[in-house]
Amino acid sequence: MTDPLPNLAIDCIAPVQTESLAPRGRVTHKPRILLMYGSLRERSFSRLAVEEAGRLLELFGAETRIFHAHGLPLPDDTEADHPKVAELRERVTWSEGMVWCSPERHGAMTAVMKAQIDWIPLALGAVRPTQGKTLALMQISGGSQSFNTLNQMRVLGRWMRMITIPNQSSIPKAFLEFDEAGRMKPSGLYDRIVDVMEELVKFTWMTRENADYLVDRYSERKETAEELMARVNQAAL
């Protein structure tokens with residue numbers, strides 16, 4: 001009989017184990033969410049937006065930390081033991097989910113936002129610090145509503161093997177949406193942020209215990225550990 005799948009390494013196939021998708025022993029600590037924003041301005045609307053998001057996440061039962069990128073060097077301009085790089089990587093490792101919020105500049109995310117993401121490696125030794133973690137996306141615009149930055153960050157989230165939730169937030173004319181104290185005014189745009197943070201916490205509760213199983217894949221089981229490390233080692237590029 002002809003082999004219907006001659007290109008398949010059958011020993012590396014793992015049948016879907018539905019029991020592995022059920023909670024095995026509910027983790028009880030609060031979901032750990034890291035928030036990152038893409039502006040260094042004194043009155044940064046992306047920072048104000050993640051501060052609002054952080055308050056909502058804590059309302060929904062999460063533990064939050066915000067990373068402030070002041071002093072973070074450009075990627076590859078120094079070694080990874082730089083204090084700000086080490087701080088960022090420690091917080092990424094700590095987290096079980098993230099919020100990325102960037103202003104749109106020249107139709108794209110800011111260099112500040114991209115630098116933070118670029119300092120997060122695909123692998124730290126044998127650990128992938130982002131894979132299987134949840135991600136929520138927010139965008140700030142000075143003018144009319146846009147989704148360019150959201151689309152870019154969604155691509156990056158997928159590349160880093162994160163579970164990027166369906167909902168997202170885009171805030172146009174942000175200078176009109178925050179009061180002098182830096183708090184967001186009541187509006188449908190604020191309500192959308194509530195929706196996004198609620199959804200993020202739900203997805204984090206649902207996936208964090210099973211994240212390793214959800215992102216386990218055939219091609220990596222087929223590779224040797226040495227081949228895998230060589231492929232994902234950005235320092236070798």
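Residues numbered from 1 in each chain as written. Predicted model: local features only at pLDDT ≥ 70, side-chain atom pairs only at ≥ 80, totals over all residues. Heavy atoms only, no water.

Undergrad: Please set out the environment of tyrosine 218 residue by residue, giving values where relevant.
TA: Inspection of the secondary structure puts tyrosine 218 in helix 7 (residues 218–222). Overall, tyrosine 218 belongs to the partly exposed group, its relative accessible area being 23%. Sequence-wise, tyrosine 218 and leucine 8 are 210 residues apart; in three dimensions their C-alpha atoms are separated by 9.8 Å. Contact partners of tyrosine 218, with chain neighbours within four places excluded, come to Asn7, Leu8, Ala9, Cys12 and Ile13. (Helix = DSSP H or I, 4+ residues; strand = E, 2+ residues; numbered from the N terminus. Buried < 20%, exposed > 50% of the residue type's maximum accessible area, 1.4 Å probe, protein only. Contact = heavy atoms within 4.5 Å.)

Undergrad: Would you mind going over the pairing of strand 6 (residues 163–171) in detail, with residue names and values included?
TA: In terms of burial, strand 6 is largely enclosed, as 7 of its 9 residues are buried. With 6 bridges connecting them, strand 5 (residues 134–140) and strand 6 associate as parallel partners. Directly across from threonine 134, in strand 6, lies its bridge partner isoleucine 163. Regarding topology, helix 4 (residues 148–159) serves as the crossover connection from strand 5 to the parallel strand 6, and that connection is right-handed. (Pairing = 2+ DSSP bridges. Right-handed = clockwise from strand over helix to strand, strands pointing away.)

Undergrad: Outline the side chain of serine 44, listing residues and values.
TA: As for its placement among the helices and strands, serine 44 is situated in the loop between strand 1 (32–37) and helix 1 (45–59). Here serine 44 falls in the buried class, since its relative accessible area comes to 1%. There is a polar contact of 3.1 Å between the side chain of serine 44 and the backbone nitrogen of arginine 47. With near-sequence residues (within four places) excluded, serine 44 lies in contact with Tyr37 and Ser39. (Polar contact = N/O pair within 3.5 Å; in protein donor to acceptor, adjacent residues only side chain to side chain.)

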